[in-house]
Amino acid sequence: MEPSTSTRRRFTINDFEIGRPLGKGKFGNVYLARLKENHFIVALKVLFKSQIEKEGLEHQLRREVEIQAHLQHPNILRLYNYFYDKRRVYLILEYAPRGELYKELQRMQRLNEQRTATIIEEVALALTYCHEKKVIHRDIKPENLLLGLMGEVKIADFGWSVHTPSLRRKTMCGTLDYLSPEVIEGRTYDEKVDLWCVGVLCYELLVGQPPFESSTHSETYKRILKVDLKFPESVPLGAQDLISKLLRYNPSERLNLAETLKHPWVREHSRRVLPPVAQVVS
Ligand code: AMP
């Protein structure tokens, strides 16, 4: 299932048995599916070309596929391959059996130190790998983090990711809670935007709400630009130290990924285990 253009195998929908729907996205649905020839389980994301064209997102989809297909890391959702017919584009994705981190957080209200530190380590390792390849994700948040069999994080949704450096401005919908000051102000930004998001994520996992949440968009923007950060007493001091060193207005003052991984609170509480190496499909 290797995606390189010259040798890429061409799949069709007839190569798969389709199982239950795993979820609905804006542009189509995701199904559990099994490759007939060897019973390899995948998630098949079915996108309707008409909807993608209507929104003018062909370029973005191409970039997402191109980027994700070249990333291979235990904490990044694999995109094995893709194919299309007249009306649809199909993405063959790694199946994440434990679903979305967002749902786990809703269920649990907030996560403990061990679970949070483990997730932060996994995300930081995945981002280290991305940044080495000059890819910035830009959209790290619980909705975009899926969970593997052992509960390990799989970064998904490279729809907003870009190759650095980027001058692109953002026109996006969805939550504003993870936007960094430089993105809001439309300045040039670099891989440090992802470190801002790691800080917001760490806070949201421990507290149950993101740090700058407000009732209106303009209030959220204001609080982000002021870095109006307050901690409930329940947040352990070690985590407060990490979060306040990530949530700095000036990107160059933020901890980098290596420092995040070495932070004493992460080291003390993370229990990362490496999942068994995934089966490779020819
Ligand atoms: P999306 O269109 O990517 O937002 O996907 C819609 C929903 O399908 C997600 O919110 C997940 O709950 C589910 N889903 C997407 N991809 C996978 C996957 N690879 N494994 C398991 N569930 C997935």
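Residues numbered from 1 in each chain as written. Predicted model: local features only at pLDDT ≥ 70, side-chain atom pairs only at ≥ 80, totals over all residues. Heavy atoms only, no water.

With that settled, consider the nonpolar core. One finds Ile119, Val123, Ile155, Phe158, Leu201, Leu242 and Trp265 to be the most contacted residues of the largest nonpolar core, which totals 48 residues. Elements supplying a minimum of two residues to this core: α3 (101-108), α4 (113-132), β7 (145-147), β8 (153-155), α6 (192-207), α8 (237-246), α9 (257-262) and α10 (264-269). In terms of residues, this core owes the most to one element, α6, which gives eleven residues. When sequence neighbours within four positions are dropped, the list of residues in contact with Trp265 reads Glu113, Thr116, Ala117, Cys202, Leu206, Pro236, Gly238, Ala239 and Leu242. Core analysis: the second largest hydrophobic core is formed by 16 residues, Val30, Ala43, Leu47 and Leu77 among them. (Core = buried A, V, L, I, M, F, W, Y, C linked by side-chain atoms within 4.5 Å. Buried < 20%, exposed > 50% of the residue type's maximum accessible area, 1.4 Å probe, protein only. Helix = DSSP H or I, 4+ residues; strand = E, 2+ residues; numbered from the N terminus. Contact = heavy atoms within 4.5 Å.)

One pass over the structure, following the stated rule, counts 15 salt bridges. Two residues, Glu104 and Arg115, come together in a salt bridge whose shortest N-O distance is 2.8 Å. Taken together, the residues Glu104 in helix α3 and Arg115 in helix α4 connect sequence positions eleven residues apart. Between Arg254 and Glu182 there is a salt bridge; the shortest N-O distance is 2.8 Å. Separated by 72 residues along the polypeptide, Arg254 in the loop between α8 and α9 and Glu182 in helix α5 (residues 181-184) bring together distant segments of the chain. A relative accessible area of 2% means that Arg254 is categorised as buried. Overlapping salt bridges, with partners in common, bring together Glu94, Glu152 and Lys154 in one network. (Salt bridge = Lys/Arg side-chain N within 4 Å of Asp/Glu carboxyl O.)

Outside of glycine, negative phi angles account for most residues, and trans bonds account for most peptide bonds. Phi is positive for His39, which is not a glycine, with a value near 65°. Take His39: it is sitting in the loop between β2 (28-35) and β3 (41-48).

With that settled, the discussion passes to the site of the ligand. Inspection of the region around the ligand gives 13 residues, with Gly25, Lys45, Glu94, Ala96 and Glu100 positioned closest. One of the side-chain nitrogen or oxygen atoms of Lys45 is found 2.7 Å away from an oxygen atom of the ligand. Coverage of the ligand by the protein amounts to 81% of the 470 Å² it exposes when considered alone. Looking at the shell around the ligand, the elements that each hand over two or more residues are β1 (16-24) and β3. With three residues, β1 is the single largest residue contributor to the shell around the ligand. (Near = heavy atom within 4 Å. Polar contact = N/O pair within 3.5 Å; in protein donor to acceptor, adjacent residues only side chain to side chain. Areas by Shrake-Rupley, 256 points an atom, 1.4 Å probe, with all protein chains shown as cover.)

Okay, the UniProt feature "active site" (unreviewed entry) in the protein next. Here, the residues flagged by UniProt with the feature "active site" (unreviewed entry) are Asp139. Residue placement: Asp139 occurs in the loop between β6 (135-136) and β7. With a relative accessible area of 7%, Asp139 lands in the buried category. (UniProt positions renumbered as here; feature names shortened; annotations may be inferred.)

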